[in-house]
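Overview (structure and organization)
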Amino acid sequence: MKNQNKWSKQKITSFFNNSKIQLVTVCIVVMSVFLLVSFQNVHTETYDIEKFSAANETIRSPITIENTKETERRIRNVVQSVEDHFEISDEVTEEQITYINEIFEAIEKIETGNLEQELEDEKFVTIGDKVDYLEEIVHEDIMMEVNNDTFIALFQATKEERVLAKELITTALYDVFHNGVKVEEVEQATKTAKQKLTYSTLDYSFVQALHPLISFSVKANAFFSADQTNEAQQQARDSVESVMIRAGQVIVEEGQLITNEIYEELEIAGLLNEERNFYPMIGLLILVSLIGLFLFFELQHHAQKTNFHFRKLIAIAVLSVFIVVLMKVVSLYSTTSNPLYLVTPLATVSMLLKILVNERIAIVLSIFYGIIGSVIFNANIPGLLNMEAGIFIVFSQLASIFFLSSVKDKSTIIKSGLGTAIINIATICLFLFLSFENYSWLDYLMYSGYGFMSAIIATVLTIGMLPFFETGLGILSDTKLLALSSPNQPLLRKLLIEAPGTYHHSIMVANLSEASCEAIGANGLLARVAAYYHDLGKTVRPHYFIENQMGMKNPHDYLDPYQSAEIILQHPSDSAKLLKKAKLPREIIDISLQHHGTTLLKYFYFKAKERNEKVLEEDFRYVGPKPRSKEAAVVSLCDSIEAAVRSLANPNQAEIEKIVSSIFEDRLLDGQLNDSTLTFKQLEQMKSVICETLKGIYHSRIQYPKETNMKEAR
């Protein structure tokens, strides 16, 4: 039963040690936190409200949607207000004017005798004869509707009076016909035309006699036009704007009576319907899933290139939780008039991510945080994204990443904070200048102060929180590496005092390792610091290593090769034990343990073989493991190369290149670099850098003359 439980625990441990399982777990945690924190920002609260009751709270619309009923009502009102359009008939106008002209022309001809030839002998003795003759030559409609008194008055009038009467009548008719006369307006138009004659210089009785002629002439000339009316109604429809319920718009104030119109708006906005709540949640789930998917691919891509420890994944998860919870808390107190997201120390997370993980991960997550921030700061209006908040979050974090070039001390973080403050202020001013609102200089100063405070608080939090992540999660950052590289570090002082030769050797290996790592894109600072400590185990028996045997006999001359090999082969594990006891980072311990891999201790192996041909090679190999990172492989190669070159009496360029090439070839053939992910191109780059560095160290010098020779030369 115990064995079964032990096997189960091992299986679970193995399961969680799987890199892909770790990545998936962290992505799920981040997605879950994003989903939980932003759930309220997309969830539409529904209300159980009855008509004609008082609202218990102020209710805002969660979405932007058209109120189709109100739009249609406005269209109906506008269409109904459109008057019927009438088309004026010019034919009617000209016809009635022609009748008037015909009457006056006929009377004039009768009066002047200007008649047809066959009528020249006709004699008009009385006015009645003239009227009778007039009846024969003018249109019958005129004679039927106009009585003879009117014609008698015209014949009795002078020529000048008839000319003036004709002019007045035609002018009055043109005036009333110009604007159109509808059927129901004929009577009023007739009165208007008669009034125009009333104020003339003509005799009153004569004017009265002309009224029947005007009554005959005024006819309807404006008729209903269906086409023009329909066109006008369509233009009226097009002029009506859709009635929109805007996201964030107050539908009902607290204590206000719920009328039919308000109730309809609440229903349209989905505030009375539970079913609509699912759609924003589906959208949020898709958004969070996309973020989680891209995050997984990015972390997997990074894990394939570097040794990505689970501790860094934990840091990503913790910082992601921290920033979204912080944004959520700030959003509870943030308003449109007081956008507190501007003072939120968002750059803290981006700077910590760059220091603890790397720059690319920090940039990717900054974009993700900006997207989620645009949801969190949407004032709880589902469907709305606060793009200003999102842009500010992204710009602030990107600025902190780019200004944080390399962390050599706390002043670098402070400089990054000041640079971030400038970008924050510039971004805030950008929003204010693009806004339609008129802001005062006091507003500019206040909001700029928000951005400045955001960067300063972020800087303080970064400096304060960094040691907790470094210690609590055991993450090795540049600041911690710089602290470990100090010569005053107790272990380095121990190495200097107890094994000075090894200390000098470690310094040389550190220089070579850093230069090589920088050439191939590996962590040069890690390689340098690890090289300082890689041979710390030699302090256990310092005099058994040749670099520390200054002026003394070699103790290995008195030992069996097996005993000597046992002492030498033990120093990597001794180094690891001392480093573990001092609680140094795991990366440095691993490099110390792996810096010899499983290489063969050739000197004592061949010495033992001289005594016994049946010597086993395994007895003279380091226990390993082989280097598993680029930095470990670089330290391993530089360690062997430095020791080999040091053994040369007068190393020159050709000898250095030969030794470097032989060590590289030996390690490749022995399979010592198989687990390190180094490429052949990187090995060639390393080889070139190491040779150049060694040539600089062991360059030829001027041979100064001895004192005796100088005296002889005098």
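All of these numbers come straight from a predicted model, not from anything done at the bench.

What counts as what
- Residues numbered from 1 in each chain as written.
- Predicted model: local features only at pLDDT ≥ 70, side-chain atom pairs only at ≥ 80, totals over all residues.
- Heavy atoms only, no water.
- Helix = DSSP H or I, 4+ residues; strand = E, 2+ residues; numbered from the N terminus.
- Buried < 20%, exposed > 50% of the residue type's maximum accessible area, 1.4 Å probe, protein only.
- Contact = heavy atoms within 4.5 Å.
- Areas by Shrake-Rupley, 256 points an atom, 1.4 Å probe, with all protein chains shown as cover.
- Axes fitted to C-alpha atoms, helices over the stretch in contact; angles between N-to-C directions.
- Parallel < 35°, antiparallel > 145°, perpendicular 65-115°, else oblique.
- Left-handed = near helix turned anticlockwise from the far one by under 90°.
- Nonpolar A, V, L, I, M, F, W, Y, C, P; charged D, E, K, R; others polar.
- Salt bridge = Lys/Arg side-chain N within 4 Å of Asp/Glu carboxyl O.
- Patch = residues over 30% accessible without salt bridge, like charges linked within 9 Å, V, L, I, M, F, W, Y side chains within 5 Å.
- Lys, Arg positive; Asp, Glu negative; His and termini not counted.
- Charge placed at Lys NZ, Arg CZ, Asp CG, Glu CD.
- Expected span 1.5 Å × (residues − 1).
- Arc of directions from axis to C-beta.
- Polar contact = N/O pair within 3.5 Å; in protein donor to acceptor, adjacent residues only side chain to side chain.
- Core = buried A, V, L, I, M, F, W, Y, C linked by side-chain atoms within 4.5 Å.
- Phe/Tyr/Trp six-rings, centres within 6.5 Å; stacked < 30°, edge-to-face > 60°.
- Lys NZ or Arg CZ within 6 Å of the ring centre and 35° of its normal.

A tally of regular secondary structure across the protein gives 30 helices and 6 strands. Counting every position in the protein, which comprises 714 residues, the buried fraction comes to 46%. Considering only contacts within the protein whose residues lie at least 6 apart along the sequence, 77% involve residues at least 24 apart. Per element, the accessible surface of the protein, about 38900 Å² overall, is 55% carbon and sulfur.

Time to look at the packing of helix α9 (residues 186-198) against helix α10 (residues 204-217). Close contact between α9 and α10 brings their axes to 10 Å; oriented N to C, the two are set at 150°. Taken as axis vectors, α9 and α10 run roughly antiparallel relative to one another. Between α9 and α10 lies a crossing whose hand is right-handed. For the pair formed by α9 and α10, the contact residues are Thr190, Ala193, Lys194, Leu197 and Thr198 on the first element and Val207, Leu210, His211, Ile214 and Ser215 on the second. Looking at the contact of α9 with α10 residue by residue, the classes come out as 5 nonpolar, 4 polar and 1 charged.

By the definition in use, this model includes 22 salt bridges. Between Glu70 and Arg74 there is a salt bridge, and its shortest N-O distance comes to 3.4 Å. Of this pair, Glu70 and Arg74 both sit in helix α3 (residues 68-81), separated by 4 residues, roughly a single helical turn. Among the residues examined, Glu70 registers a relative accessible area of 18% and is labelled buried. Across the salt bridge formed by Glu657 and Lys695, the nearest N and O atoms sit 2.8 Å from each other. Pair noted here: Glu657 is in helix α28 (residues 653-669) and Lys695 is in helix α29 (residues 680-697), with a separation of 38 residues, a long-range link. Given a relative accessible area of 33%, Glu657 falls into the partly exposed group. The structure contains a network of salt bridges with shared partners spanning Glu70, Arg73 and Arg74.

Another point: a negative patch on the surface. Negative charge collects at one region of the surface, where Asp90, Glu91, Glu94 and Glu95 lie side by side. Mapped onto the elements, Glu95 comes out in helix α4 (residues 90-112).

Within the secondary structure, Ile589 is located in helix α25 (residues 586-594). Residues within four places of Ile589 in sequence aside, it is in contact with Ala576, Leu579, Lys580 and Leu584.

To continue, consider the environment of Asn148. Examined against the element boundaries, Asn148 turns out to sit in helix α7 (residues 148-156). If near-sequence neighbours (up to four positions away) are discounted, Asn148 is found in contact with Val131 and Met143.

Moving on, we come to helix α11 (residues 226-239). With 14 residues, α11 should cover 20 Å at 1.5 Å per step; its first-to-last C-alpha distance of 20 Å lies within 8% of that length. Of the residues making up α11, those classed as buried are Thr229, Ala232, Gln233 and Ala236. Down the axis of α11, the buried set is contained in an arc of 100°. They therefore lie on one face. When the buried face of α11 is taken as reference, the exposed residues oriented beyond 90 degrees from it are Asp227, Gln235 and Asp238.

Here the focus is a nonpolar patch on the surface. A cluster of nonpolar residues, Tyr279, Ile282, Ile286, Leu290, Leu293, Phe294 and Phe297, forms a patch on the protein surface that exposes about 740 Å² of accessible area. Counting through the fold element by element, Leu293 comes out in helix α13 (residues 278-305).

On the secondary structure map, Ser564 appears in helix α24 (residues 561-581). We classify Ser564 as buried; its relative accessible area is 0%. A distance of 2.8 Å separates a polar atom in the side chain of Ser564 from a polar atom in the side chain of His556. Apart from residues lying up to four places away in sequence, Ser564 is in contact with His556, Leu559 and Phe604.

Between helix α27 (residues 630-646) and α28, whose axes approach to 10 Å, the crossing angle comes to 140°. Taken together, the axes of α27 and α28 lie oblique to each other. Between α27 and α28 lies a crossing whose hand is right-handed. Facing Ser636, Leu637, Ser640, Ile641, Ala644 and Val645 of α27, the residues of α28 in contact are Ile656, Ile659, Val660, Ile663, Phe664 and Arg667.

Looking now at the nonpolar core. The nonpolar side chains of a soluble globular protein tend to be buried with one another. If you look at the biggest cluster of nonpolar residues, it comprises 62 residues, and the most contacted ones within it are Phe34, Leu299, Val324, Met327, Leu353, Leu365 and Tyr369. When contributions to this core are tallied by element, the ones reaching two or more residues are α2 (19-42), α13, α14 (310-333), α15 (347-356), α16 (359-376), α17 (387-403), α18 (410-434) and α19 (441-472). The contact partners of Val324, leaving out residues within four places of it in the chain, are Val33, Phe34, Val37, Ile372 and Ile376. Counting residues in hydrophobic clusters, the runner-up holds 49 residues, among them Leu525, Val645, Ile663 and Leu673.

Using the criterion set out here, one finds 13 aromatic pairs in the structure. Each ring, one from Tyr99 and one from Phe216, has its centre 5.5 Å from the other, and the planes form 40°; the classification is tilted. One end of the pair, Tyr99, is in helix α4; the other, Phe216, is in helix α10, and 117 residues separate them in sequence. No difference in accessibility class separates Tyr99 from Phe216, as the two residues are buried. Of the aromatic side chains, those joined through ring pairs into one cluster are Tyr562, Tyr605, Phe606 and Phe620. Sitting above the plane of the Phe664 ring, Lys687 keeps its charged end 5.6 Å from the centroid.

Another aspect to go through is unusual backbone geometry. Look at the link from Gly624 to Pro625: it is a cis peptide, with omega at 5°. Its location among the elements puts Pro625 in the loop between α26 (602-611) and α27. Its identity is not glycine, yet Lys583 carries a phi of approximately 60°, on the positive side. Within the secondary structure, Lys583 is located in the loop between α24 and α25. Look at Thr677: it is not a glycine, yet its phi comes out positive at around 65°. Among the structural elements, Thr677 can be located in the loop between α28 and α29.

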